[in-house]
There are 2 protein chains.
Amino acid sequence: MENFSLHMPTRIFFGTGHEEKIGSLLKRFGVSEVLLHYGGGSIKASGLYDKITASLRAAKIHCTELGGVRPNPVLSTVREGIALCRERGVQFILAVGGGSVIDSAKAIAAGVPYDGDVWDFFYPMPKKRIEKMLRVATVLTIPAAGSEMSDSCVITNEDGNLKRSFSTDLCRPVFSVLNPENTRTLPKYQLACGITDMLAHVFERYFTNSREVELTDRLCEAVMQTVIFNAQRALDAEFDYEAAANLMWASSLAHNGLLGAGRVGDWASHGIEHELSAKYGVAHGEGLAIVLPGWMRYVYKHDVTRFARFASKVWGFEMNINDLEGLAADGINATAEFFKAIGMRSKISELGGTAEDIPYLAAHTALVPPAMTIGNFVPLTETDVSNILNSVL
Amino acid sequence: MENFSLHMPTRIFFGTGHEEKIGSLLKRFGVSEVLLHYGGGSIKASGLYDKITASLRAAKIHCTELGGVRPNPVLSTVREGIALCRERGVQFILAVGGGSVIDSAKAIAAGVPYDGDVWDFFYPMPKKRIEKMLRVATVLTIPAAGSEMSDSCVITNEDGNLKRSFSTDLCRPVFSVLNPENTRTLPKYQLACGITDMLAHVFERYFTNSREVELTDRLCEAVMQTVIFNAQRALDAEFDYEAAANLMWASSLAHNGLLGAGRVGDWASHGIEHELSAKYGVAHGEGLAIVLPGWMRYVYKHDVTRFARFASKVWGFEMNINDLEGLAADGINATAEFFKAIGMRSKISELGGTAEDIPYLAAHTALVPPAMTIGNFVPLTETDVSNILNSVL
C-alpha cells in the first residue's frame, strides 16, 4: 500500500427533505449571502428551484443568481461568476445541479480571491497553486461526476477548446445535499452517462500498479458491482428510489478519494476523453464509454491477472487460472457490452468523427511533461493515444 | 436506504514517516501547545515517544504530558486530564496510542470547556449534550477501536463500574497519523483483540433491518473479508507491513460511519460486552469474541437470509437456497471458530465468571428507556441478555 493523505470533510445530508431546509442549513454554516449557481431549466421544471429559493427567502439569505451552466462547463461562465461575486461581495456558492454546475462553482470559488486569471490554476500546465477559495455547497441532481465530495474540477476553455482540470482539497464542498428524489426527472440518457462516469472513476483507481491494496480493491469491487446491478433497475421507465439512492451514494464514494487511498490511479482514459468532449460536445460519460474499452484492450496485457480478477469479481465470470487471458478479455467485452446495453455509443464515428480527426485528438490530449505521457498503469505516448483512438474509431 | 447525515472530517496521514513531522503538522493546524496523552510504557519502548517529543521540541510546541491511560480507560484519568488542561490553559490534545488513549483524550476534550461534571455527557442517561470540545489529534498504535476517525468515546466510571459512551461529530479527531510501522511491536494478543473489535464494528452495522442497502452491504463485506484474510498473516511472528497496513485502514473504515450510512446499526453486543470488561477487566475485543457468537445464535432466526448471505459472502460457503438455516449456522460457527483460532477465549467461565454473575451482568447492561431494551436488529430485554450470557457461560 502506498503512503497517502486523505481528507473527506464534506458533510453529507442524504435522503429526502433536506433541500426544503437549505436556508437554515446555510445559516448553521454562518452564511447570509450566496451565489445560486445552476444549469438550464430542469431544476425549474422539477420544482427544486422553487423549493430552494423559498427556503433561502425564509432564512433571509440574500441570493445572487447565475444560471445557464452547460454540460462541459466553460471558462466564460466561470469568469462571469467571478465578476458577479466580486461585484456583489458574495463569499459562498450554492451549486444546484450535476458535476458541470458544481465544477463551474468550484472554479468561480477559486477565481474570486485570486488576483490573476483563474485559468492559471488548470493542469497540466498550471501557473499557480490555489491558496484560497470561497466555500461551496451543493444540491446534487445527477449521480455521476462525484464532484459533490471530490477535490477536482474540470473546465473547458473555449479559446483553443481545451478541457482541463485542477485538484485541491480546498475545493471539496463544505456540505452536499444528496436526495435521490431529485433524480426522478433526470433523462435516462443522462443517467446512463452518469453510470458510465461513476464506473470510470472506479476503473481509473482499480487498474493500478500499486501492490497489496486488498482493502481498496475490495471496496472498488463493491462499488462497481452495486453500480452495475442497479443500473438497469434505475434505467427502467418507473422511478425506483432505492436504486437511485444506491447509485447516488456510489457516485459520491467513487470519486471522493476513498477508493484511491493507498494506490496510484491511472486517469489516462479521462484525459483522452476530455478531447472527445471538447471536439464533439459529447457528454463526458458517453465519451468514456467509447474510450474505456479501447484503453482496456490496449493495456490489459500489462497485468493480465488484475484484468482476470476484474472479470471474475465484478462481472461474475468463473475464475479460470488456466486461461487468464481469456478471462481478462471476457471482462473487457462485458464492460463494452454493458455500456452499449445502457445506450451509450461505442465508436468515435458515431459522434461524427473521422480518421482525419485522430492526429488532432491525440496531439491535443494533455500529455504530462517531462515524459509527455498520460496515465500511470501504462504511461501512454501520443502514438499510444492515437492507437487507442483508432481502435474505437 | 435510510436517510442519513455523515461527516468524516478527520484528515488521514497514512504510511511511514509522519510522526517525525508531527510538530510541523500541528503548526499547520495553528497549535502551539498540547496535552500529550498516552498509556503505559510501550510507546517509550518502541521509540515512538522519543520521535514525537523530539518533533514537538523542534517545532517549539509546548507540551504537557499525561501518561498512564489503561485499557478500558477510566473516569479518574479523564478528570485528571481536565484539571491539567484547565490549569495550563491547554486547548489541544495529542493522543498517542490505541482506542483507550484516544477515548480518554476525547472525554478530556469534552470536559475542559464544560462547567459541570464530564460524566453528565455519557449515554444512556446523559444529562447534557456536548456543545463544545477541545480539538484532538491522534497517532495510532493499535488497529482496533476506530476511535481515530470515529464520533464515539467509551469511558469506565470506577464508581459503580459503569462503562458508558457518548457520540458526537464534535469528537472526531482533526487529524490522525496512521503508520502501520507503529504496530510492529504490538503484542499478538492485543492485535487479535483489535481484529475482533474491528470485525465487531462491521457486524454491528451489517446486521440491520434496513432494506435496500446494497452498497453498504457490499462495503461491509469488503472490509470483513479483508480483515479475515489478513488476520493470520498479521498474527504470524514476523511483522508484515502490508497486512498491518490493510488491517489498520480497515479498522478506521470499520468505525468512521461509512459502513453504517443509510442503515440502522444494532450495538447490543457492544452494550453487553461493556459489562464483561467492567466486571472482569477483559479486553473489549476479547469480550466481544465471547458475546458475538452467542448474540448471533440468539437472533439469527429474525433474518435467516441475511445470516445466510453473511456465510456465503464473508466466509465463502456456497449459497444453498434450500438450506438457508444450515448456511446461517455455518457462518456463525465459522465466526466463532475464527475468534478461537486467533486466540480469543470463548466463554465467560474462562474469564473467571460463574452462573451467579449473570443476573448482575444482565441487570447492569445499559438498557435504553422507555422500552428498556438494547439493540435494534432484535431489541433485547434483560431476560434476553441473560439468555445470551448463559449461552456463552
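Quick caveat: nothing in here was measured; it's all calculated off a predicted structure.

## Structural notes on the overall build of chain A
Point 1. Of regular secondary structure, chain A possesses 14 helices and eight strands.
Point 2. For chain A, the C-alpha radius of gyration of 20 Å lies close to 21 Å, the compact-globule estimate for 393 residues.
Point 3. Its C-alpha atoms give chain A principal-axis dimensions of about 65 × 45 × 45 Å.
Point 4. Expressed as a percentage of the 393 residues in chain A, the buried residues total 56%.
Point 5. Considering only residue pairs separated by 6 or more positions, chain A has 78% of its internal contacts joining residues 24 or more positions apart.

## Description of the domain arrangement of chain A
Where the parts come together, the accessible area they lose is often given as the size of the interface.
All names here are of chain A.
Point 1. When the domains of chain A are assigned, the result is domain 1 (11-182) and domain 2 (187-391).
Point 2. For domain 1 versus domain 2, the separation of C-alpha centres amounts to 26 Å.
Point 3. Of the residues contributing to the side of domain 1 that touches domain 2, the split by class is 11 nonpolar, five polar and five charged.

## Focus: the sheet that holds strand 2 (residues 33-38) of chain B
Point 1. An order of 3(A)-2(A)-4(A)-5(A)-8(A)-1(A)-1(B)-8(B)-5(B)-4(B)-2(B)-3(B) is seen for the 12 strands of this open sheet, with the pairing classed as mixed. Of all the strands in the sheet, the pair left with one neighbour each is strand 3 (62-66) of chain A together with strand 3 (62-66) of chain B. Geometrically, the sheet is characterised by an average inter-axis angle of 25° between neighbouring strands, direction not taken into account.
Point 2. Strand direction decides the pairing type here: strand 4 (residues 92-97) of chain A and strand 5 (residues 135-140) of chain A, joined by six bridges, are parallel. Looking at strand 5 of chain A, one finds that Ala-95 of chain A is bridged to Thr-138 of chain A.
Point 3. Strands in contact with helix 4 (residues 75-88) of chain B are strand 2 and strand 3 of chain B; relative to strand 3 of chain B, the strand with the most contacts, it is inclined by about 155°.

## A look at the relation of the copies chain A and chain B
Point 1. In screw terms, the move from chain A to chain B is a rotation of 180° and a rise of 0.0 Å along the axis, fitting with an RMSD of 0.0 Å. Taken together, the rotation and translation relating the two chain copies correspond to the operation of a two-fold axis. Among all C-alpha atoms of chain A, that of Pro-9 of chain A lies closest to the rotation axis, at 2.0 Å.
Point 2. Comparing interface residues between copies, 97% of those in chain A also lie at the interface in chain B; the contact surface is shared.

## Considerations on the interface of chain A and chain B
Point 1. Listed as interface residues are 31 residues of chain A and, on the opposing side, 30 residues of chain B.
Point 2. Counting only elements with at least two residues in the side of chain A that touches chain B, the list comes to strand 1 (4-14), helix 7 (214-235) and helix 8 (241-253) of chain A.
Point 3. With 10 residues, the single largest contributor to the side of chain A that touches chain B is strand 1 of chain A.
Point 4. Residue composition of the side of chain A that touches chain B, by class: 15 nonpolar, 10 polar and six charged.
Point 5. As paired elements, strand 1 of chain A and strand 1 (residues 4-14) of chain B share seven bridges and run antiparallel to each other. From the neighbouring strand, Phe-4 of chain A faces strand 1 of chain B, where its bridge partner is Phe-14 of chain B.

## Considerations on the nonpolar core
Point 1. Core analysis: the biggest nonpolar cluster contains 268 residues, and Ile-93 and Val-223 of chain A together with Ile-93 and Val-223 of chain B have the highest contact counts within it.
Point 2. When residues no more than four places from it in sequence are discounted, the contact partners of Val-223 of chain B are Val-202, Ala-250, Leu-253, Ala-254 and Leu-259 of chain B.

## Brief notes about the packing of helix 10 (residues 284-299) of chain B against helix 14 (residues 382-391) of chain B
All names here are of chain B.
Point 1. Viewed as axis vectors pointing N to C, helix 10 and helix 14 meet at an angle of 120°, and their least axial separation amounts to 9 Å. Relative to helix 14, the element helix 10 lies oblique. Our pair here, helix 10 against helix 14, has a crossing hand that is right-handed. Residues Gly-294, Trp-295, Arg-297 and Tyr-298 of helix 10 pack against Asn-387, Ile-388 and Ser-391 of helix 14.
Point 2. Grouping the constituent residues of the contact of helix 10 with helix 14 by class yields three nonpolar, three polar and one charged.

## Observations concerning helix 8 of chain A
Point 1. Across its 13 residues, helix 8 of chain A extends 18 Å between first and last C-alpha, which sits within 8% of the 18 Å expected from 1.5 Å per residue.
Point 2. Helix 8 of chain A sits mainly inside the fold: 11 of its 13 residues count as buried.
Point 3. For helix 8 of chain A, every residue scored as buried is listed here: Ala-243, Ala-244, Ala-245, Asn-246, Leu-247, Met-248, Trp-249, Ala-250, Ser-251, Ser-252 and Leu-253 of chain A.
Point 4. Structurally, helix 8 of chain A contributes buried residues whose contacts are with strand 1, strand 8 (175-178), helix 6 (188-206) and helix 7 of chain A together with helix 7 (214-235) of chain B.

## Points about unusual backbone geometry
Point 1. With an omega of 0°, the peptide bond running from Pro-369 of chain A to Pro-370 of chain A counts as cis.
Point 2. Mapped onto the elements of the fold, Pro-370 of chain A is located in the loop between helix 13 (357-364) and helix 14 (382-391).
Point 3. The residue Met-372 of chain A is not glycine, and still its phi comes out positive at about 55°.
Point 4. A positive phi angle is found at Glu-212 of chain B, which is not glycine, with a value near 60°.
Point 5. With respect to the helices and strands, Glu-212 of chain B occurs in the loop between helix 6 (188-206) and helix 7.

## Details of the packing of helix 11 (residues 304-315) of chain B against helix 12 (residues 324-341) of chain B
Residue and element names in this part refer to chain B.
Point 1. Two elements in contact, helix 11 and helix 12, have axes separated by 7 Å at closest approach and are oriented at 55°. With respect to each other, helix 11 and helix 12 are oriented oblique. With respect to the hand of their crossing, helix 11 and helix 12 are arranged in left-handed fashion. Residue-level contacts link Val-304, Thr-305, Phe-307, Ala-308, Phe-310, Ala-311, Ser-312, Val-314 and Trp-315 of helix 11 to Leu-324, Glu-325, Leu-327, Ala-328, Asp-330, Gly-331, Ile-332 and Ala-334 of helix 12.
Point 2. Split into classes, the residues belonging to the contact of helix 11 with helix 12 amount to 12 nonpolar, three polar and two charged.

## A closer look at the pairing of strand 8 of chain A
On a regular strand, each side chain points to the face opposite its neighbour's, so the side chains alternate between the two faces of the sheet.
Residues and elements named next belong to chain A.
Point 1. The alternating pattern of strand 8 places Phe-175 and Val-177 on one face and Ser-176 and Leu-178 on the opposite face, and all of these are buried.
Point 2. The sheet contact formed by strand 5 and strand 8 spans four bridges and is parallel. Note that in strand 8 the partner of Ala-137 across the bridge is Phe-175.

## Overview of the confidence of the model for chain A
Point 1. The predicted model of chain A has a mean per-residue pLDDT of 96, with 100% of residues at 70 or higher.
Point 2. Across the whole predicted complex the pTM is 0.97, and at the interface the ipTM reaches 0.96.

## Observations concerning the environment of Tyr-300 of chain A
Residues and elements named next belong to chain A.
Point 1. Note that Tyr-300 resides in the loop between helix 10 (284-299) and helix 11 (304-313).
Point 2. In sequence terms Tyr-300 and Leu-36 are 264 residues apart; their C-alpha atoms lie 44 Å from each other.
Point 3. In contact with Tyr-300, other than residues within four places in its own chain, are Phe-307, Ala-328 and Ile-332.

## Some thoughts on the environment of Ile-142 of chain B
All names here are of chain B.
Point 1. Its location among the elements puts Ile-142 in the loop between strand 5 (135-140) and strand 6 (152-157).
Point 2. Judged by the 28 C-beta atoms lying within 10 Å of it, Ile-142 falls in the buried class.
Point 3. Sequence-wise, Ile-142 and Leu-186 are 44 residues apart; in three dimensions their C-alpha atoms are separated by 7.3 Å.
Point 4. Excluding its chain neighbours within four sequence positions, the residues that come into contact with Ile-142 are Gly-98, Gly-99, Thr-183, Leu-186, Gln-190 and Gly-194.

## Observations concerning the environment of Asp-197 of chain A
Point 1. With respect to the helices, strands and loops of the structure, Asp-197 of chain A is situated in helix 6.
Point 2. The sequence separation of Asp-197 of chain A and Ser-251 of chain A amounts to 54 residues, and the corresponding C-alpha distance is 8.4 Å.

Analysis parameters
- Residues numbered from 1 in each chain as written.
- Chains lettered and ligands numbered in written order.
- Predicted model: local features only at pLDDT ≥ 70, side-chain atom pairs only at ≥ 80, totals over all residues.
- Helix = DSSP H or I, 4+ residues; strand = E, 2+ residues; numbered from the N terminus.
- Rg over C-alpha atoms; globule rule 2.2 N^0.38 Å.
- Buried ≥ 20, exposed ≤ 12 C-beta atoms within 10 Å, placed from the backbone.
- Contact = placed C-beta atoms within 7 Å.
- Domains from an automatic or database assignment.
- Nonpolar A, V, L, I, M, F, W, Y, C, P; charged D, E, K, R; others polar.
- Pairing = 2+ DSSP bridges.
- Axes fitted to C-alpha atoms, helices over the stretch in contact; angles between N-to-C directions.
- Least-squares fit on C-alpha atoms with pLDDT ≥ 70 in both.
- Core = buried A, V, L, I, M, F, W, Y, C linked by C-beta atoms within 7 Å.
- Parallel < 35°, antiparallel > 145°, perpendicular 65-115°, else oblique.
- Left-handed = near helix turned anticlockwise from the far one by under 90°.
- Expected span 1.5 Å × (residues − 1).
- pLDDT = per-residue confidence, 0-100.

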